[in-house]
Amino acid sequence: MLPKTEILWDPLVRLFHWSIAIIFIANYFFNEAGETWHQWLGYIAIVWLVVRFLWGFWGKGAARWSDFFPTRANLGVHVSALLKREHFHRMGHSPLGALVMITMMLCILLLGITGYLMQEVDYFWGEDWLEDLHGLIANSLMALVVLHIFAAIIESIRLKENLPLSMITGKRRKIEK
């Protein structure tokens, strides 16, 4: 018998996730910094970021900021469970996962700001420190992406559930109470 599933990630959250992933991969690995495609994909990422931020207030369930915002208390409970090797199974983002997701979103915002300043504000044209900062943020985001993928794989093994698949289908196994 197949396990019971329920809708977890709505289409907008999944479209945001995969759009940002594709944009980041394209700009990090394939598009030359400062070229037209790099800039336009950066602007599109910022638009997606604004849409996702607002959806955190308007959306339902796991899309809402109130569902997963990483407070000190729930971070403590999650870290304690991990240290004790206990299961911490909840629908949506875990507190640590939420912290990483919010940090990635802040990196995307900072990439957009620094990229815009480098390309559109004459005062910053050719400033090495801004270009270095933009690169540092991009590399930090790459490190967070690797951490995100690694954690999704590890948690999938620990929970015996394919978490990346839920970001494709939108469905996740129901938590037995």
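Look up: the structure comes first, before these words.
No experiment lies behind these values; they were computed from the predicted model shown.

Caption draft 1: View of the overall build of the protein. In terms of helices and strands, the protein carries 7 helices and 2 strands. Starting at the N terminus and ending at the C terminus, the protein contains elements arranged as β-α-α-α-α-α-α-α-β. Along the first, second and third principal axes, the C-alpha set of the protein runs to 60 × 30 × 30 Å. Among the 177 residues that make up the protein, the fraction classed as buried is 37%. When contacts within the protein are restricted to residue pairs at least 6 apart in sequence, those whose partners lie at least 24 apart make up 65%. For the protein, the exposed surface amounts to about 11,500 Å²; the carbon and sulfur share of it is 69%. Charge centroids of the protein, computed over 16 positive and 15 negative side chains, lie 22 Å from each other.

Caption draft 2: Quick look at unusual backbone geometry. One non-glycine residue, Arg85, lies in positive phi territory at about 60°. Here Arg85 shows up in the loop between α4 (72-83) and α5 (95-120). Its relative accessible area of 74% is what places Arg85 among the exposed residues. Of note, the phi angle at Lys160 is positive, near 55°, even though the residue is not glycine. Position of Lys160 relative to the elements: it lies in the loop between α6 (128-159) and α7 (163-169).

Caption draft 3: Representation of the pattern of salt bridges. Here the structure, examined in full by the defined rule, presents 3 salt bridges. A salt bridge links Arg158 to Glu155, with the shortest nitrogen-to-oxygen separation between them at 2.7 Å. Placement of both Arg158 and Glu155 in helix α6 is noted, with a separation of 3 residues, approximately one turn of the helix. Two residues, Arg172 and Glu161, come together in a salt bridge whose shortest N-O distance is 3.0 Å. Placement of the pair is Arg172 in strand β2 (residues 171-173) and Glu161 in the loop between α6 and α7, with a sequence separation of 11 residues. Residues participating in the shared-partner salt-bridge network are Glu161, Arg172 and Arg173.

Caption draft 4: Structural context of the side chain of Gln39. Relative to the helices and strands, Gln39 is located in helix α2 (residues 36-58). A polar contact is formed between the side chain of Gln39 and the backbone oxygen of Gly34, at a distance of 2.6 Å. Setting aside residues no more than four positions away along its own chain, Gln39 makes contact with Gly34, Gln119 and Glu120.

Caption draft 5: Looking closely at the layout of surface pockets. There is about 1,300 Å³ of room inside the largest pocket. Around the largest pocket, the lining is made up of 46 residues, and of these His93, Met104, His148, Ile149 and Ala152 lie nearest the centre. Elements supplying a minimum of two residues to the lining of the largest pocket: α1 (11-30), α4, α5, α6 and α7. Looking at the lining of the largest pocket, the element that brings in the most residues is α6, giving 14 residues. Class assignment for the residues of the lining of the largest pocket results in 33 nonpolar, 8 polar and 5 charged. Taken as a whole, the second largest pocket spans an internal volume of roughly 770 Å³.

What counts as what
Residues numbered from 1 in each chain as written. Predicted model: local features only at pLDDT ≥ 70, side-chain atom pairs only at ≥ 80, totals over all residues. Heavy atoms only, no water. Helix = DSSP H or I, 4+ residues; strand = E, 2+ residues; numbered from the N terminus. Buried < 20%, exposed > 50% of the residue type's maximum accessible area, 1.4 Å probe, protein only. Contact = heavy atoms within 4.5 Å. Areas by Shrake-Rupley, 256 points an atom, 1.4 Å probe, with all protein chains shown as cover. Lys, Arg positive; Asp, Glu negative; His and termini not counted. Charge placed at Lys NZ, Arg CZ, Asp CG, Glu CD. Salt bridge = Lys/Arg side-chain N within 4 Å of Asp/Glu carboxyl O. Polar contact = N/O pair within 3.5 Å; in protein donor to acceptor, adjacent residues only side chain to side chain. 1 Å grid on protein atoms, 1.4 Å probe; cavity = no way out; pocket = protein on both sides within 12 Å on 5 of 7 lines; lining within 4 Å. Points joined across faces, edges and corners; volume = space filled by probe spheres on them. Nonpolar A, V, L, I, M, F, W, Y, C, P; charged D, E, K, R; others polar.

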